[in-house]
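# Descriptive structure summary
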Amino acid sequence: MLRIKNARIVEKDQLKTVNIYIERGKIKDILPAGEALLSVKKEIDAQRNVVFPGFIDPHVHFDDPGFTEREDFETGTKSAAAGGITTIIDMPCTSIPPITTASNYDYKLNIVKSKAYVDFAFWGGVTPEQVESGEYKKSLKELKDRGIVGVKFYTISGMELYPRMSVPYMDKVFRLMKELNLVCAIHAEDYYLVDYYSHLMQEMGREDPESWSLGRTYEAEPEAIWSVVGITEKVGNKLHIVHLSTKEGLNVIRWAKAQGLNVSTETCPQYLIFTTEDFKKLGSLLKIAPPLRKEEDREELWKGLKDGSIDFLSTDHAAGKYPEEKSSPDIWKNYAGIPGTQLAVPTMLHYGYHQGRLTLSEVQKLMSENTAKRYGLYPQKGAIQIGSDADFTIIDMDKEWTVEPSKLKSKGKYSPLAGKTLKGKIYMTILRGEIVYKDDEGVIGEKGFGELVKSKVE
Ligand SMILES: [Zn+2]
């Protein structure tokens, strides 16, 4: 048995000092400090730092296999371990082939499992071609049996192998997804609006960052959310909107929740910190889709996290080759994406907790508990309770440090936070009772120790 001593855990926004006992990778007991100690073989000293349940990043693009010049499972999961993330959920579309069939899934799992430093789950996918042929019915059932957390849909797509889905096709697949009781996750930007205004900007010869934001026009997000919420209202499936960026999009989600629809959403640190004004200054480093929005949107997203209308956080980790894919003077030619997994936890502690926007228990829910619950991983993940996996993110809350992109474990060594001093640093990351990262030693976990986690949704 293993003991973590001097652990301060969050309980109803109070910190409580406990000893946590671990056996075979699971939490065996949690006893208040001061109670008689049980005999153990090994001990980890948390040094009175704050111990959270292992954080989860439910939206990453680790690109493996297929786009490994940008990222692979080894570098991606290493960056997660260093960032205090013990479970990641990888998107189905940015690897070749996409995870649209059982055999594609098996092929991918076989390649990535020996590379993982943290635990991982998968999103499944579906293409218009599979809907046309009817083949999706078989494939999605088989993917569910393999433990996917849900299926990802794009209302607009730049990916050749993973095209956008039309409303009639989404309606069809949502009906099957309701039967399978799986989440439908949507990249929500209206295709027609974005296509027209993006071409218009380029025809006008605009190459500046703002033209990217104007092309991917504001109303495209609420418009697309309305469309899919409309389908969900008829079908009754579980709907999730990824990387929410706008106040008006959030208002549609609030409306849907008020109607009792099974709708959730996430936002990402970049939408909580930066606006179009920052994009104009920093350029390509902040090129993302959907693009950054206005100050009032940024403020409203914080409100949404606080009032529960936004359910949890993700990073949408997507690394471009740096500097090659991030240096064109023409913003349209640069890669859209930020490798954010390693910095998400300290960012949320700095801008969320230390700046008084979120409490510690809100951070815990938004980065672990709520996520695990939505995707059927709870209470294996997302909880410090007896029987749960012994995954912990231990934080030195007051330690200040400066972001240096060259030190990121991701292949994409760039960040819009470069040079920023953040308060709150990862002290240790523990996965199923094993230390995988230590502040003074770096990533010390074993490659391949990360395991597949399956959604337990029935
Ligand atoms: Zn994404």
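Just above, that's the structure.
Only a predicted model underlies this, so the values are computations on that prediction, with no experimental measurement involved. (Residues numbered from 1 in each chain as written. Predicted model: local features only at pLDDT ≥ 70, side-chain atom pairs only at ≥ 80, totals over all residues. Heavy atoms only, no water.)

## Looking at the overall build of the chain
Each helix and strand in the chain was counted, giving 14 helices and 19 strands. For a compact globule of 458 residues, the expected C-alpha radius of gyration is about 23 Å, and the chain comes in at 21 Å, within 12% of that figure. Here the C-alpha coordinates of the chain stretch approximately 70 × 50 × 45 Å along the principal axes. Looking at the 458 residues of the chain, the share that counts as buried comes to 61%. Here the analysis covers contacts within the chain between residues at least 6 apart in sequence; of these, 75% occur between residues at least 24 apart. Just so you have it, the chain exposes about 17,300 Å², and 48% of that area is on carbon and sulfur atoms. For the chain, the separation between the mean place of its 62 positive charges and that of its 66 negative charges on side chains is 4 Å. (Helix = DSSP H or I, 4+ residues; strand = E, 2+ residues; numbered from the N terminus. Rg over C-alpha atoms; globule rule 2.2 N^0.38 Å. Buried < 20%, exposed > 50% of the residue type's maximum accessible area, 1.4 Å probe, protein only. Contact = heavy atoms within 4.5 Å. Areas by Shrake-Rupley, 256 points an atom, 1.4 Å probe, with all protein chains shown as cover. Lys, Arg positive; Asp, Glu negative; His and termini not counted. Charge placed at Lys NZ, Arg CZ, Asp CG, Glu CD.)

## Notes on the coordination of the zinc ion
Around the zinc ion, the protein supplies His59 (NE2), His61 (NE2) and Asp316 (OD) as donor atoms, at distances of 2.1 Å. Between the donor residues of the zinc ion, the gaps in sequence give the motif H-x1-H-x254-D. By relative accessible area, His59 is classed as buried at 0%. A relative accessible area of 7% places His61 in the buried class. (Donors = N, O, S within 2.8 Å, 3.2 Å for Na, K, Ca; no water.)

## Structural notes on the packing of helix H5 (residues 167-180) against helix H8 (residues 220-235)
When two helices pack together, their arrangement is given by the angle between their axes and by how far apart the axes lie. Here H5 crosses H8 at 45 degrees, and the two axes come no closer than 10 Å. By the angle between their directions, the pair H5 and H8 is classed as oblique. The hand of the H5/H8 crossing is right-handed. The segment H5 lies against H8, with Val167, Met170, Asp171, Phe174, Arg175 and Lys178 engaging Val228, Ile231, Thr232 and Val235. (Axes fitted to C-alpha atoms, helices over the stretch in contact; angles between N-to-C directions. Parallel < 35°, antiparallel > 145°, perpendicular 65-115°, else oblique. Left-handed = near helix turned anticlockwise from the far one by under 90°.)

## Structural notes on the sheet that holds strand E12 (residues 238-241)
With parallel pairing, six strands are arranged side by side in an open sheet as E9-E10-E11-E12-E13-E14. Taken across any chain shown, the strands that pair with only one partner, and hence form the sheet edges, are strand E9 (124-125) and strand E14 (312-313). One ladder, built from two bridges, connects E9 with strand E10 (residues 150-154); its direction is parallel. Bridge pairing in E10 places Gly124 opposite Val151. (Pairing = 2+ DSSP bridges.)

Coordinates in, geometry out; function isn't part of it.
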